[in-house]
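Residue-level listing of the chains:
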Amino acid sequence: MAFSMRCRLSSGVLSLFLCVSAAVPAVAQGAGDWTMPSKDYAATRFSELAQITSANARSLRPVWTFSTGTLGGHEGQPLVVHNTMYVVTPYPNVLYAFDLTKDGYPLKWKYRPPVDQNSLGIACCDAVNRGAVYGEGKIVYNLLDGHTVAIDAATGKEVWKTKIADIAHGETTPMAPLIVKDRVLVGASGGEFGILGWVKGLDLATGKVVWTGTNIGPDSLMLAKPGTFKPFYDKAANLGATTWPGDTWKHGGAPVWGWMSYDPDLDLVYYGVGNPGPYNAEQRAGDNKWTASVLARHPGDGSLVWAYQFTPHDSWDFDAAAEMVLVDLTIKGKVRKVLVHFDKNGFEYTMDRATGELLLAEPYVHVNWASRVDLATARPVLDSAKLTGASKGNVKDICPTLEGGKSPASPVAYSPRTGLFYASTNSMCMDYEAAQTAHLEGTPFMGINSPYHAGSDKNLGAFIAWDAATGTRRWSIPEKFPVWSGSLATQGNVVFYGTLDGWFKAANATTGVVLWKFKVGSGVVGNPITFRGPDGKQYVAIYAGIGGDWLLLSGDYKSDDPADVRDPADFARDLARHTSQGGIVWIFAR
């Protein structure tokens, strides 16, 4: 396998070429299919389909809807493979297969797995599922209760089922797996429960666990082998253990609940690691490596090649679980193979993906916990007044909040046509009051009270276009509420996103002008996709179903529960006036 190069002129300037390296997937996917969570191994969420353009997007209309029968946060995205659409619901993680060749897209089959209800009490932030992946005739996805399943894509029959996590330890598994060659790569959530975070490589044919690498701890557990593990900045041995007090790394968190990408030329899988535990940073002196970091591993045996920590000694719950997008960009006159990451901490990082060298780090939202990232040391320059801990009491007005300048649940898209990234962002700040807490396996290990409030902008969110070669914002669409959906970019020069108050929107990728919007019935926390139907037409699909962290924050939006009389959060008191729970799949076309 190799990266294919697609280059486009930027803004008609002949001297500047912006290129994206899109990985050739493990399955033979045409431009019209969507076979993995992020469209391609490079995690660009870019489609070459171009029938829907900035000139005709205003004529989009709904052509099909389906109720999933599940009320909850519909994160993730559908798959489309060989004229079949596959949809995974939140708990209880039902998998639907729809025949796109027939009128009304009838159901081909439905897989209803048994899922342990006890996982509902362990899942941190709603019982979400971030989607499935296709490979070798199988649909592979995670169940909330710590199992990975492989389903025959044609028949709906279970091929294998493997227990990968233990809810008794506080582990749940809402993340979307990634298939690379004959490996299925999976991770676990549970940073709020003091787990020992890990990633596992399963055999695609049998489901057998081939390797397990922890994200913290001694090099032997992390599969950081001498001569192979070569971080660019922090080169000492066993930093995953020695940067923690005593053996506190054993319940230090480091979950993996976001997205993965893969460079076949380097044979490296990239993923982000979540928060350290507990939230009271004074209980875990040191950098707490490798939480809030990006790790690069060989998928075959899990060996760790390099790591970089975005937020050393994270004092604000700034998970680094967001996507790592792999593109080739011109940086200071030189084409570099880079990794682009929009961190929860409010900075966008552009890095050399072969070595882990930091090339650029700029704030994409208002940030005040750090003044900048020092490129010489690759560490943030902290504002000591914003450091948190139980002894510091209630630290006021930290920006962004622990929800992030961009949520890791809201993946960006990249367009090689414009050379820009498209991101759903949040303009909020928080107060942060930490408390001493004790670890008890399988119970919350947090110690935190962190109310949010609006940032400097009267709007709580924005959908933005960003230039990762220079670290600058190109345009912005303000939104009343935080923006929580993923993004989609297309060759037709159109970008798509959704809003918490239930709008699905299309915008001109070059100018940011909103071209079209449609009310989809519930807040959007999922990720749009596009595909070519059997009739040759381009379609766009999105989930509607508010949830995720907004299950905890919105208040009074569960209309089927008379006991849900929670007061909405102060910073978004009227959100529940615009949306209620839902579970709908929408398809649009011209």
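**Quick word on the overall build of the protein**
Working step 1: Summing up its helical and strand segments, the protein has three helices and 41 strands in all.
Working step 2: When the backbone C-alpha atoms are referred to their principal axes, the protein occupies close to 60 × 60 × 50 Å.
Working step 3: Taken across its 590 residues, the protein has 66% of its residues classed as buried.
Working step 4: Here the analysis covers contacts within the protein between residues at least 6 apart in sequence; of these, 61% occur between residues at least 24 apart.
Working step 5: Summing over all exposed atoms, the protein offers an accessible surface of approximately 18,900 Å²; the carbon and sulfur share of this is 53%.

**A word on the side chain of Arg130**
Working step 1: Tracing the sequence through the fold places Arg130 in the loop between β8 (107–111) and β9 (133–135).
Working step 2: For Arg130, the residues in contact, after removing those within four places along its chain, are Glu75, Gly76, Gln77, Pro174, Met175, Ala176, Trp257, Trp259 and Ala409.

**Concerning the sheet that holds strand β16 (residues 209–214)**
Working step 1: If you trace the four strands from one edge of the open sheet to the other, you get β13-β14-β15-β16, paired in antiparallel fashion. Each edge of the open sheet is held by one strand with a lone partner, namely β13 (178–180) and β16. Within this sheet the neighbouring strands show an average axis-to-axis angle of 25 degrees, counted without direction.
Working step 2: For strand β15 (residues 198–203) and β16, the ladder comprises five bridges, and the chain directions are antiparallel.

**Considerations on unusual backbone geometry**
Working step 1: Of note, the bond from Tyr91 into Pro92 is cis; its omega dihedral lies within 30 degrees of zero at 15 degrees.
Working step 2: At Asn288, a position not held by glycine, the phi torsion is positive, near 60 degrees.
Working step 3: Residue position: Asn288 is located in the loop between β18 (268–272) and β19 (293–297).
Working step 4: Even without glycine at this site, Lys332 takes up a positive phi of about 50 degrees.
Working step 5: Along the chain, the position of Lys332 falls in the loop between β21 (325–331) and β22 (334–342).
Working step 6: Judged by relative accessible area, Lys332 falls into the exposed class, the value being 80%.

**Here's the deal with the nonpolar core**
Working step 1: Trp306, Tyr308, Leu329, Tyr349, Met351 and Phe421 are the most contacted members of the largest nonpolar core, which totals 65 residues.
Working step 2: What Tyr349 contacts, discounting residues up to four positions off in sequence, is Tyr308, Phe310, Leu339, Val340, His341, Asp343, Leu358, Leu360, Ala361 and Val373.
Working step 3: Counting 56 residues, the second-largest nonpolar core is a separate cluster that includes Trp34, Ala127, Leu144 and Val524.

**Side note on the pattern of salt bridges**
Working step 1: Applying the stated criterion across every chain, the model contains 20 salt bridges.
Working step 2: With a closest N to O distance of 3.6 Å, Lys289 and Asp234 form a salt bridge. Residue Lys289 is located in the loop between β18 and β19, and its partner Asp234 is located in the loop between α1 (219–222) and α2 (239–242); the two are separated by 55 residues in the primary sequence.
Working step 3: Taking relative accessible area as the criterion, Lys289 reaches 2% and is therefore assigned buried.

**So, the state of the cysteines**
Working step 1: For the structure on display, the rule yields two disulfides.
Working step 2: At a sulfur-sulfur separation of 1.9 Å, the disulfide partner of Cys124 is Cys125.
Working step 3: One disulfide in the model links Cys399 with Cys429; its S-S distance is 2.0 Å. Residues Cys399 and Cys429 are joined through a disulfide that is right-handed, its torsion about the S-S bond being 100 degrees. Taken together, the residues Cys399 in the loop between β27 (394–398) and β28 (413–415) and Cys429 in strand β30 (residues 428–434) connect sequence positions 30 residues apart. For the pair Cys399 and Cys429, a shared accessibility class is recorded, and that class is buried.

**Re the sheet that holds strand β6 (residues 84–88)**
Working step 1: Taken together, four strands build an open sheet; the order of strands is β5-β6-β7-β8 and the sheet is antiparallel. With partners counted over all chains shown, the strands left at the sheet margins are β5 (79–81) and β8, one partner each. Averaged over all pairs of adjacent strands, the angle between strand axes in this sheet comes to 20 degrees, irrespective of strand direction.
Working step 2: Pairing between β5 and β6: three bridges, direction antiparallel. Within β6, the position partnered with Val80 by the bridge is Met85.

**A word on the confidence of the model for the protein**
Working step 1: The predicted model of the protein averages 92 in pLDDT, with 92% of residues at 70 or higher.
Working step 2: Taken as a whole, residues 1–28 scores under 50 in pLDDT and shows 86 contacts with residues more than four places along the chain or in a different chain.

**Brief notes about the pairing of strand β26 (residues 379–382)**
Working step 1: Two strands pair when backbone bridges link them, and strand β25 (residues 370–374) and β26 are joined in this way by four bridges, in the antiparallel orientation. Within β26, the residue paired with Arg372 across the bridge is Val381.
Working step 2: Connecting β25 to the next strand, β26, in antiparallel fashion are four residues, including Ala378 with a positive phi near 65 degrees.

**Considering the environment of Ala296**
Working step 1: Structurally, the position occupied by Ala296 is in strand β19.
Working step 2: A sequence separation of 86 residues divides Ala296 from Leu382, and the C-alpha atoms of the two residues are 26 Å apart.
Working step 3: Setting aside residues no more than four positions away along its own chain, Ala296 makes contact with Leu268, Val269, Tyr270, Ser303, Leu304, Val305 and Trp306.

**Structural notes on the environment of Asp574**
Working step 1: For Asp574, the position within the fold is in the loop between α3 (550–553) and β41 (584–589).
Working step 2: Using a relative accessible area of 28% as the deciding quantity, one classes Asp574 as partly exposed.
Working step 3: Considered as a pair, Asp574 and Val412 are 162 residues apart in the sequence and their alpha carbons are 27 Å apart.
Working step 4: Once residues lying within four places of it in the same chain are set aside, the contact partners of Asp574 are Lys480 and Phe481.

**Considerations on the packing of aromatic side chains**
Working step 1: Going through the model one piece at a time under the given rule, you end up with 37 aromatic pairs.
Working step 2: Ring centres of Phe229 and Trp290 lie 6.3 Å apart, and the angle between their planes is 90 degrees; this geometry places the pair in the edge-to-face category. Within this pair, whereas Phe229 is found in the loop between α1 and α2, its partner Trp290 is found in the loop between β18 and β19, the two being separated by 61 residues in sequence. Judged on exposure class, the residue Phe229 and its partner Trp290 are both buried.
Working step 3: Between Phe232 and Tyr233 the ring centres are 4.8 Å apart and the planes differ by 65 degrees, which places this aromatic pair in the edge-to-face class.
Working step 4: A relative accessible area of 34% means that Phe232 is categorised as partly exposed.

**Topic: the environment of Glu323**
Working step 1: Looking at the element boundaries, Glu323 is found in the loop between β20 (304–309) and β21.
Working step 2: Here the alpha-carbon distance between Glu323 and Met175, two residues 148 residues apart in the chain, equals 12 Å.
Working step 3: Those residues within four positions of Glu323 in sequence are excluded, and the remaining contacts are Trp259, Val340, His341, Lys406, Pro408, Ser410, Pro411 and Val412.

Cut-offs applied
Residues numbered from 1 in each chain as written. Predicted model: local features only at pLDDT ≥ 70, side-chain atom pairs only at ≥ 80, totals over all residues. Heavy atoms only, no water. Helix = DSSP H or I, 4+ residues; strand = E, 2+ residues; numbered from the N terminus. Buried < 20%, exposed > 50% of the residue type's maximum accessible area, 1.4 Å probe, protein only. Contact = heavy atoms within 4.5 Å. Areas by Shrake-Rupley, 256 points an atom, 1.4 Å probe, with all protein chains shown as cover. Pairing = 2+ DSSP bridges. Axes fitted to C-alpha atoms, helices over the stretch in contact; angles between N-to-C directions. Core = buried A, V, L, I, M, F, W, Y, C linked by side-chain atoms within 4.5 Å. Salt bridge = Lys/Arg side-chain N within 4 Å of Asp/Glu carboxyl O. Disulfide = S-S within 2.5 Å. pLDDT = per-residue confidence, 0-100. Phe/Tyr/Trp six-rings, centres within 6.5 Å; stacked < 30°, edge-to-face > 60°.

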